[in-house]
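# Remarks on the overall topology
So you can see what is in the structure, the chains are spelled out below.
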Amino acid sequence: MEDDTLDRDARIKLSIGTLQQGNADGQFYRPHGLAFDHHRGLLLVVDTWNHRVQVFSCGDDDDDDDGGFSFVSKLGKPGRRPGQLMNPWGLAIDHDHDRIVIVECYNNRLQVWSLSDQSFLSCIGQSGSRDLEFNYPRGIAIDKHHRRIIIADTYNDRLVFLSSIDLSFLFSIGGKPGSRPGEFDRPSGIAIDDDRHRIVVSDTDNNRVQVLSSIDGSFLFEFGKKGNRPCQFNRPQGVCIDNQGRIIVADTDNYRLQSFTHEGHHISSF
């Protein structure tokens with residue numbers, strides 16, 4: 001599954017997939033989201049345009065001290081029925097309930113799968129802008145402290161908060177495109193800073209990152225603007241928090257990653 005990218009850049013330890021798109025096991029067509037199951041040593045990858053999620057195990061490799069990933073299984077197939085997927089975009093692992101939660105961009109819904117046996121459990125949502133309706137949702141995160149699932153309802157320009165207990169609607173933030181604090185223009189990525197009780201959102205078409213309170217969703221601060229210099233963005237999408245609290249942003253159309261302190265100060269770019 002590895003390609004010669006490893007020979008070109010010593011910073012890359014390993015890779016999965018090939019330089020060409022494909023639909024065989026271990027190949028991808030425009031993958032977007034991913035999550036790591038630390039309990040089982042599994043990497044879950046949202047293979048968006050193949051309409052599936054692929055699962056890989058992280059094990060020891062006799063020829064490489066860094067280990068490697070091997071294909072295990074896949075979830076879903078193209079379609080609009082429960083258990084089928086159309087352009088899944090993001091996923092999150094909910095260990096408290098032993099499940100995988102997937103956001104489907106084209107089906108405008110969430111699907112829930114068992115984490116232990118990878119079987120389909122349920123789905124909620126449909127196209128629209130009311131409670132439990134979505135418009136091309138892309139990002140998802142689990143706020144385990146407050147027992148919530150947070151969805152970036154991208155084309156509704158809002159964040160939607162659901163109960164992680166019964167998937168009921170709690171509240172939403174935003175709802176129309178805007179650039180003021182707490183407003184969004186195509187939000188796409190979400191990460192939870194558990195230590196600081198914060199939500200970090202890539203506000204894609206506003207070319208910024210917003211940081212909100214995970215307690216009530218209130219605005220705390222923002223950073224970034226349009227451009228290609230440090231702490232500037234061009235349609236940022238993915239975002240995560242590392243184990244030191246740093247914010248890592250996929251600065252998509254600038255073709256780079258940027259890292260920031262938990263206060264939003266630029267550290268480096270890659």
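For the structure, see preceding data.
Attention here is on the structure that accompanies the text. Here the structure is a predicted model, which is why all the values come from computation and not from measurement.

## Regarding the pairing of strand β8 (residues 120-124)
- Alignment of strand β7 (residues 109-114) against β8, held across four bridges, turns out to be antiparallel. Bridge pairing links L110 to I124 in β8.
- Here β7 hands over to β8 after five residues, with Q118 in that stretch at a positive phi of 60°.

## Considering the sheet that holds strand β6 (residues 99-104)
- Taken in spatial order, the four strands of this open sheet run β5-β6-β7-β8, and their pairing is antiparallel. Sheet topology places β5 (88-94) and β8 at the edges, where each strand pairs with a single neighbour. Strand-to-strand twist of the sheet, defined as the mean angle between neighbouring strand axes without regard to direction, takes the value 20°.

## Description of the pattern of salt bridges
- Taken as a whole and judged by the stated rule, the model has 16 salt bridges.
- Here D37 ties to R40 by a salt bridge, and the two come within 3.2 Å at their closest N and O atoms.
- Through salt bridges with shared partners, a single network forms among D37, R40 and D98.

## Notes on the pairing of strand β18 (residues 219-223)
- In this sheet, β18 lies alongside strand β17 (residues 208-213) in antiparallel orientation, the contact comprising four bridges. Bridging from a neighbouring strand, V209 pairs with F223 of β18.
- Once β17 ends, the chain turns through five residues before running back antiparallel as β18, passing G217 with a positive phi of about 80°.

## With respect to the nonpolar core
- Formed by 14 residues in total, the largest nonpolar core has its most connected members in L110, I140, I149, I151 and L162.
- When residues of this core are traced back to their parent elements, those giving at least two are β6, β7, β11 (139-143), β12 (148-153) and β13 (158-163).
- If near-sequence neighbours (up to four positions away) are discounted, L110 is found in contact with V101, I102, V103, S122, C123, I124, F134, I140, I149, I151 and L162.
- Counting 13 residues, the second largest nonpolar core, distinct from the first, contains A35, L44, I93 and I100.

## With respect to the sheet that holds β17
- Strand order in the open sheet formed by four strands is β15-β16-β17-β18, with antiparallel pairing between adjacent strands. Sheet topology places β15 (187-193) and β18 at the edges, where each strand pairs with a single neighbour. For this sheet, the mean inter-axis angle between neighbouring strands, taken without regard to orientation, is 20°.
- Two strands pair when backbone bridges link them, and β15 and strand β16 (residues 198-203) are joined in this way by six bridges, in the antiparallel orientation. Counted as the bridge partner of G189 is S202 from β16.

## What about the environment of A250?
- In this structure, A250 sits in strand β20 (residues 247-251).
- With 48 residues separating them in the primary sequence, A250 and S202 have C-alpha atoms 8.9 Å apart.
- Those residues in contact with A250 that sit more than four places away from it in its chain are P236, Q237, G238, R256 and L257.

## Concerning the packing of aromatic side chains
- Per the counting criterion, the structure on display carries 11 aromatic pairs.
- Ring centres of F56 and F71 lie 6.0 Å apart, and the angle between their planes is 80°; this geometry places the pair in the edge-to-face category. Placement of the pair is F56 in strand β3 (residues 52-61) and F71 in strand β4 (residues 64-75), with a sequence separation of 15 residues.
- Overall, the relative accessible area of 24% leaves F71 in the partly exposed class.
- Their ring planes at 15° and their centres at 4.2 Å tell us that F161 and F171 sit as a pair that is stacked. In this pair, F161 is assigned in strand β13 and F171 in strand β14 (residues 169-174), connecting sequence segments 10 residues apart.
- Seen from the ring of W89, R138 lies directly overhead, with NZ or CZ sitting 4.3 Å from the centre.
- The ring of Y155 carries R186 above its face, with NZ or CZ at 4.0 Å from the centroid.

## What to know about a nonpolar patch on the surface
- A surface patch of nonpolar side chains, amounting to about 260 Å² of accessible area, comprises Y106, Y136 and Y155.
- Note that Y155 resides in the loop between β12 and β13.

Basis of the calculations
Residues numbered from 1 in each chain as written. Predicted model: local features only at pLDDT ≥ 70, side-chain atom pairs only at ≥ 80, totals over all residues. Heavy atoms only, no water. Pairing = 2+ DSSP bridges. Helix = DSSP H or I, 4+ residues; strand = E, 2+ residues; numbered from the N terminus. Axes fitted to C-alpha atoms, helices over the stretch in contact; angles between N-to-C directions. Salt bridge = Lys/Arg side-chain N within 4 Å of Asp/Glu carboxyl O. Core = buried A, V, L, I, M, F, W, Y, C linked by side-chain atoms within 4.5 Å. Buried < 20%, exposed > 50% of the residue type's maximum accessible area, 1.4 Å probe, protein only. Contact = heavy atoms within 4.5 Å. Phe/Tyr/Trp six-rings, centres within 6.5 Å; stacked < 30°, edge-to-face > 60°. Lys NZ or Arg CZ within 6 Å of the ring centre and 35° of its normal. Patch = residues over 30% accessible without salt bridge, like charges linked within 9 Å, V, L, I, M, F, W, Y side chains within 5 Å. Areas by Shrake-Rupley, 256 points an atom, 1.4 Å probe, with all protein chains shown as cover.

Don't take any of this as a statement about function, it's just geometry.
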